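# Structural overview for review
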Amino acid sequence: MQRYGETMKRLMPGLYAGNEVRAERADDGRWAFEMRCNQLGRRLWFEFSPHGLWTSVGTWRTLDEGLSVSARLRAGNHFWDAGIQVARLFREEIYAALREEQ
């Protein structure tokens, strides 16, 4: 399956995986997504990294929704804010917050 530039193979019913993104159907029918990511600073912020650790990037009603978010994270203009469970756009205030932590 390829959508939004993300490629995953169906390994078994309810489980899809690729090199850098994977999805598993939960008991409630939603899809739990994970991507390879690195943590940004000391916050619960994560950015896509092909060599990062598997990190939860949300639970979505459909595979399509999760793949759309994954594509935004891979593009590098969004990061995952695990504290509020949303993909946020990188903006100057985000860079400023990260610089203050160093």
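Look up a bit, the structure's there.
Below is a summary of the structure that appears in this document. The model shown is predicted, which means the values in this text are computed figures rather than measured ones.

The rules behind these values
- Just so you know, the residues in each chain are numbered from 1, in the order the chain's sequence is written.
- A pLDDT threshold of at least 70 governs which residues receive local features in this predicted model, and a stricter bar of 80 or more applies before side-chain atom pairs are shown or counted, although totals over entire chains, interfaces and linings include all residues.
- Calculation of side-chain values draws on the structure's entire complement of heavy atoms; hydrogens and water are dropped beforehand.
- Side-chain atoms within 4.5 Å link the members of a nonpolar core, which is a set of buried Ala, Val, Leu, Ile, Met, Phe, Trp, Tyr and Cys residues.
- Relative accessible area decides the class of each residue, using a 1.4 Å probe on protein chains only: under 20% of the type maximum gives buried, over 50% gives exposed, and in between gives partly exposed.
- Secondary structure elements follow DSSP: runs of H or I of four or more residues count as helices, runs of E of two or more count as strands, with numbering from the N terminus.
- Put simply, two rings from Phe, Tyr or Trp (the six-membered ring, in Trp's case) pair if the centres are within 6.5 Å, and we call them stacked under 30 degrees between planes, edge-to-face over 60, tilted for the rest.
- Expected helix span is given by 1.5 Å per residue-to-residue step, counting one fewer step than there are residues.
- For two strands to pair, DSSP has to find at least two bridges joining them.

The next point concerns the nonpolar core. By size, the foremost hydrophobic cluster in this structure holds 18 residues, and its most contacted members are Met8, Phe33, Met35, Val57, Leu63, Leu73 and Trp80. Among the secondary structure elements, those contributing two or more residues to this core are strand 5 (21-25), strand 6 (31-39), strand 7 (45-48), strand 8 (53-60) and helix 1 (63-75). Trp45, Phe79, Phe90 and Ala97 belong to the second-largest nonpolar core, a separate cluster that totals seven residues.

What follows covers unusual backbone geometry. In this structure, Gln85 takes a positive phi of about 55° despite not being glycine. Summarising the element assignment, Gln85 is placed in the loop between strand 9 (78-81) and strand 10 (86-89). For Gln85, a relative accessible area of 44% corresponds to the partly exposed category.

This part takes up the packing of aromatic side chains. Under the defined criterion, the tally for this structure stands at five aromatic pairs. Both rings, one in Trp60 and one in Trp80, keep their centres 6.2 Å apart while their planes meet at 70°; by these two values the pair is edge-to-face. Here Trp60 is found in strand 8, whereas its partner Trp80 is found in strand 9, with 20 residues between them in sequence. Both residues of the pair, Trp60 and Trp80, count as buried.

Its 13 residues place the ends of helix 1 18 Å apart at the C-alpha level, agreeing with the 18 Å of an ideal helix rising 1.5 Å per residue. Listing the buried residues of helix 1 in full gives Leu63, Gly66, Leu67, Ser68, Val69, Ser70, Ala71 and Leu73. Looking one or two residues past helix 1, Gly76 carries a phi angle of roughly 90°, positive in sign.

As judged from the three bridges shared by strand 4 (residues 15-17) and strand 5, these two strands associate in the antiparallel manner. Within strand 5, the residue paired with Leu15 across the bridge is Glu24. In sequence, strand 4 turns back onto strand 5 through a hairpin of three residues. The pairing of strand 5 with strand 6 spans five bridges and is classified as antiparallel. Counterpart to Arg25 in the pairing with strand 6 is Trp31. Linking two consecutive strands that pair antiparallel, namely strand 5 and strand 6, is a turn of five residues; a positive phi of about 90° is found at Gly29 within it.

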